[in-house]
Amino acid sequence: MRFEHQLQRYQAALEVAPMRTQMATAAVLAGVGDAIAQRIEARGAFAWRRFAALVVVNVVYIVPLLSALYAANDRLVGIRIRACIVHCTVHHIYLPTHP
């Protein structure tokens with residue numbers, strides 16, 4: 001399948017079930033990241049307990065916590081202010097002033 005189609009399916013999944021989709025994404029990214037790290041470290045056999053612990057911590061703890069914090073931030077600060085910060089940051093990075 002084409003990348004654009006997969007991206008559309010992912011975005012649709014985020015709309016329908018955001019928490020479940022974010023948890024699945026975190027599991028894949030944490031697992032792949034740990035597998036790469038273990039391969040680079042090359043200290044004997046693959047550490048399945050380490051791998052499983054990292055995935056479980058990300059899925060059960062990190063994703064729900066960060067989702068709650070971002071939701072609270074959106075309610076307290078508002079999306080407008082965040083958009084302004086992003087705009088100002090991008091402007092500063094890509095259009096620096098010269099002395």
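J.: Go over the side chain of Q38 with me, naming the residues and quoting the values.
T.: Positionally, Q38 belongs in helix α2 (residues 18-41). Looking at Q38, the relative accessible area reads 11%, which means it is buried. A distance of 2.6 Å separates a polar atom in the side chain of Q38 from a polar atom in the side chain of D34. Residues in contact with Q38, not counting those within four places in the same chain, are A45, F46, A47, R50 and F51.

J.: Outline a nonpolar patch on the surface, supporting the account with residue identities and numerical values.
T.: On the surface, a nonpolar cluster with roughly 790 Å² of combined accessible area is contributed by V56, V57, V60, Y61, L65, L66, L69 and Y70. Structurally, L65 can be placed in helix α3 (residues 48-76).

J.: Any chance you could break down the environment of V32 for me, citing the residues and the numbers?
T.: Checked against the element boundaries, V32 lands in helix α2. With 23 residues separating them along the chain, V32 and V55 place their C-alpha atoms 9.6 Å apart.

J.: Just give me the short version of the pattern of salt bridges, but keep the residues and values in it.
T.: What the rule picks out here adds up to three salt bridges. The partner of E41 in a salt bridge is R50, with the nearest N and O atoms 2.8 Å apart. In this structure E41 comes out as partly exposed when scored by relative accessible area, which is 36%. Linked by salt bridges that have partners in common, D34, E41 and R50 make up one network.

J.: Could you give me a rundown of the confidence of the model for the chain, with the residues and numbers involved?
T.: A residue-level look at the chain finds 80% of positions with pLDDT of 70 or above and a mean pLDDT of 84. Mean pLDDT values for the elements of the chain range from 65 in helix α4 (residues 79-94) up to 94 in α2.

J.: Give a detailed account of unusual backbone geometry, specifying residues and quantitative values.
T.: Look at A42: it is not a glycine, yet its phi comes out positive at around 45°. Note on A42: relative accessible area 58%, which makes it exposed.

J.: An account of α2 is needed here, citing residue identities and associated values.
T.: The end-to-end C-alpha distance of α2, which contains 24 residues, comes to 34 Å, matching closely the 34 Å that a straight helix rising 1.5 Å per residue would cover. Among the residues of α2, those classed as buried are T21, A26, A30, G31, D34 and Q38. Buried positions along α2 lie against α1 (3-16) and α3. Once α2 ends, the next one or two residues include A42, with phi positive near 45°.

Calculation criteria
- Residues numbered from 1 in each chain as written.
- Predicted model: local features only at pLDDT ≥ 70, side-chain atom pairs only at ≥ 80, totals over all residues.
- Heavy atoms only, no water.
- Helix = DSSP H or I, 4+ residues; strand = E, 2+ residues; numbered from the N terminus.
- Buried < 20%, exposed > 50% of the residue type's maximum accessible area, 1.4 Å probe, protein only.
- Polar contact = N/O pair within 3.5 Å; in protein donor to acceptor, adjacent residues only side chain to side chain.
- Contact = heavy atoms within 4.5 Å.
- Patch = residues over 30% accessible without salt bridge, like charges linked within 9 Å, V, L, I, M, F, W, Y side chains within 5 Å.
- Areas by Shrake-Rupley, 256 points an atom, 1.4 Å probe, with all protein chains shown as cover.
- Salt bridge = Lys/Arg side-chain N within 4 Å of Asp/Glu carboxyl O.
- pLDDT = per-residue confidence, 0-100.
- Expected span 1.5 Å × (residues − 1).

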